[in-house]
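Listed here are the chains, written in short residue letters.
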2 protein chains.
Amino acid sequence: MFTPHTRLGILGGGQLGRMLLQVAIDFDLSIKVLDPDPDAPCARIAPEFVLGSFQDFDTVYAFGKDLDVLTIEIEAVNLEALKQLQSEGVRVFPQPEIVEIIQDKRVQKQFFRDHHLPTSDFILTENREDARQYADFLPAFHKLGKGGYDGRGVQRIATPADFDKAFDAPGLLEKAVDFEKELAVIVARNQRGDVKTFPTVEMVFHPEANMVEYLFAPASVSEEINARAQFVASRTAEAFGIVGLLAVEMFLTKDGEILINEVAPRPHNSGHHTLRANDVSQFEQHLRAVLNYPLGDTHAHSYAAMINLLGAEGYEGEARYEGMETLLETPGVHPFLYGKTMTKPFRKMGHVTIVDKELESLKRKVENLKNAVRIIA
Amino acid sequence: MFTPHTRLGILGGGQLGRMLLQVAIDFDLSIKVLDPDPDAPCARIAPEFVLGSFQDFDTVYAFGKDLDVLTIEIEAVNLEALKQLQSEGVRVFPQPEIVEIIQDKRVQKQFFRDHHLPTSDFILTENREDARQYADFLPAFHKLGKGGYDGRGVQRIATPADFDKAFDAPGLLEKAVDFEKELAVIVARNQRGDVKTFPTVEMVFHPEANMVEYLFAPASVSEEINARAQFVASRTAEAFGIVGLLAVEMFLTKDGEILINEVAPRPHNSGHHTLRANDVSQFEQHLRAVLNYPLGDTHAHSYAAMINLLGAEGYEGEARYEGMETLLETPGVHPFLYGKTMTKPFRKMGHVTIVDKELESLKRKVENLKNAVRIIA
């Protein structure tokens, strides 16, 4: 049942929250946002911005108790408060039990294994010393169980000497995958159990910053591989029984296998282009899912790419943008700024979406624009 | 030069301002909005909402004096204040001199004639008695010079007896046009003089409410007529020398003539579908124009339609929406609500955009959805 002024709360006021807010205007919802940073991307644009920690029980509880629906744009939230609110009748989506599984990469990975979802081989480790005994498992990645984010919390362990860089905390050793491509599929599921996937995308990671540098949609893969990626993503969402979005990042191995890398229970960097290239955007789809509306059609009307705008190396301070004119004068190109005042090296300051009727001209635009903008201080 | 946090003010906080605000988030502007209604569509979503009259000199002057750029989403604003602000260095776009011409339909019409822009024949009238002498000019429309809006300020005068309905104030008698279709083209022009038009659209008016009921884009007209409509619109924007958007409403007569009906120096109801069907939306284009950025590509990737959601007859009070599920489950369909709490008959409460790859299936969707939603109290 469609009700304007539904009271929706969002834990986290970053760029994902910013795009959710932007899209939520269509539906005339009453939205408030919780974030500890007075300069967060949502701070100036949220109809109601509450300054406080989404990791603190009392703060989250007080924030949520008068809401109809509570959702998140970051996983590192206080789960006890979410469970309490849920027990008192607030619709909390994604469900706290699912966020709990995903928050801990060890539990997440075990979940894949238990549900026969394809994923790379792994070993749980308790601390750095514990990890050292698995030298014959290398090359591998050591991942921190909890608290990793945006490229932090992952170390490549190629040789036994690299174990010095391993985390001295509960983590997991994940077999390095010889992959051809990194793919992602964003799935939505609403309370009625409807499931819809967005077209598969292909991500290219920044070699130093370990985060998505740019992305193409749809991925250039065979129909068979695409179908498998879509199937794995849908099955994962159903295995969780999630309500809301689930972003499923996958490896396509050189042997043609699809292996889940990790998942995020929220809008994701790999879906920003849907704002420009698809009938429904990931943000609107998330709102439709958590509000239990019919899910939108995810059809793409254009080829699309997305480039993250990262703070330039060597600059820290109040952000200035060089080269935006070049972007703005290219057909089908849109910058989206996150409203962050201060830049630092590799900080995500915004992104650019590019749409085109032709894949080849899209790729040329990406090449031309990849280094067009520099964010300096 | 692209500068985030450019201080942009908008006079008027209605639905057009609401969509401008929504789109402006992309560019990270610092926006404030002036409107006398505490329940205006922008009230809850504007980063800064100033309650006050955009018709009052002191209020507009105080609102504008610290801005970089000041724009409007309604024409009925205090021009003296805009001129004062302009003389003090605020970039006011559209320029107050142009708004002044357009505010008065008499002056606007005379402007078309003086600039050899095609428009229907007309006679200026001073009052009702004055109008009565032009019985041989009927059938015609009597239009109020100043203050008409959204279907108000226009009377059809078919016979001399109808002159009783004529306005007893300065107005004009406009020869009724035997038209085939009503078309509209939205043009943008920036300070550098770049001009870009959106594809021509076709409007279907509500017979009773005298406002756009729905719209198709692009218009189903010959290439030659389309080219003429596009040319007339561009020439009109250039004749004004406007910076910002100009919406040009035109009649296509049964003889194949294009005649300008009227123009609006701002985003317009006939361009809402551009949010969903075009590479750049009219709202982003307006921002690009007034900020003197490169204009965006107006290419349409899909056929589109727009249906206004009007308050149902016989209902006045707090709005409730029936039938939204039907909209939400149709592929390519998006409701956009204006955030108005109270409905009354024919009040514009929102709109729906529909996109499709095929014109025929688009038209079927419009037929199915035209009466799907009822806004009652």
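Quick caveat: nothing in here was measured; it's all calculated off a predicted structure.

Caption draft 1: A look at the interface of chain A and chain B. Between chain A and chain B, the contact holds 44 residues from the first and 44 residues from the second. Interface area for chain A against chain B, summed over the two sides, is near 3,800 Å², with a carbon-plus-sulfur share of 55%. Area buried by chain A at its contact with chain B is led by Ile 25, Asp 26 and Leu 328 of chain A, which between them contribute 17% of it. Our count for the chain A to chain B interface comes out at eight salt bridges. Arg 276 of chain B serves as the salt-bridge partner of Asp 26 of chain A, at 2.9 Å between the closest nitrogen and oxygen. Applying the counting rule to chain A against chain B returns 22 residue pairs in polar contact (both at pLDDT 80 or more). Taken together, the elements giving at least two residues each to the side of chain A that touches chain B come down to helix H1 (15-24), helix H9 (282-290), helix H10 (324-328) and strand E19 (333-337) of chain A. Of the residues that constitute the side of chain A that touches chain B, the class distribution is 21 nonpolar, nine polar and 14 charged.

Caption draft 2: Region of interest: the environment of Asp 178 of chain B. Residues and elements named next belong to chain B. Along the chain, the position of Asp 178 falls in the loop between strand E9 (171-175) and strand E10 (179-189). It is 6.3 Å that separates the C-alpha atoms of Asp 178 and Lys 254, two residues lying 76 residues apart in sequence. Dropping the residues within four chain positions of it, Asp 178 is found in contact with Thr 253 and Lys 254.

Caption draft 3: Representation of the confidence of the model for chain A within the structure. The predicted model of chain A averages 95 in pLDDT, with 98% of residues at 70 or higher. The ipTM, which scores confidence in the relative placement of chains, is 0.93 for this predicted complex, and the corresponding pTM is 0.95.

Caption draft 4: Molecular detail of the relation of the copies chain A and chain B. In screw terms, the move from chain A to chain B is a rotation of 180 degrees and a rise of 0.0 Å along the axis, fitting with an RMSD of 0.0 Å. On this basis, the relationship between the two copies can be described by a two-fold rotation axis. Closest to the rotation axis within chain A is the C-alpha of Gln 22 of chain A, separated from it by 2.8 Å. Of all interface residues in chain A, 100% are interface residues in chain B too; the two copies therefore contact each other through one and the same surface.

Caption draft 5: Representation of the packing of H1 of chain A against H9 of chain A within the structure. All names here are of chain A. It is at 9 Å that the axes of H1 and H9 come closest, and there the two elements cross at 75 degrees. Our classification of the angle between H1 and H9 gives roughly perpendicular. Here Leu 16, Met 19, Leu 20, Val 23 and Ala 24 of H1 lie close against H9, whose contacting residues are Phe 283, Glu 284, His 286 and Leu 287. Tallied by class, the residues present in the contact of H1 with H9 amount to seven nonpolar, one polar and one charged.

About the cut-offs
- Residues numbered from 1 in each chain as written.
- Chains lettered and ligands numbered in written order.
- Predicted model: local features only at pLDDT ≥ 70, side-chain atom pairs only at ≥ 80, totals over all residues.
- Heavy atoms only, no water.
- Contact = heavy atoms within 4.5 Å.
- Buried area = accessible area lost by both parts, 1.4 Å probe.
- Salt bridge = Lys/Arg side-chain N within 4 Å of Asp/Glu carboxyl O.
- Polar contact = N/O pair within 3.5 Å; in protein donor to acceptor, adjacent residues only side chain to side chain.
- Helix = DSSP H or I, 4+ residues; strand = E, 2+ residues; numbered from the N terminus.
- Nonpolar A, V, L, I, M, F, W, Y, C, P; charged D, E, K, R; others polar.
- pLDDT = per-residue confidence, 0-100.
- Least-squares fit on C-alpha atoms with pLDDT ≥ 70 in both.
- Axes fitted to C-alpha atoms, helices over the stretch in contact; angles between N-to-C directions.
- Parallel < 35°, antiparallel > 145°, perpendicular 65-115°, else oblique.

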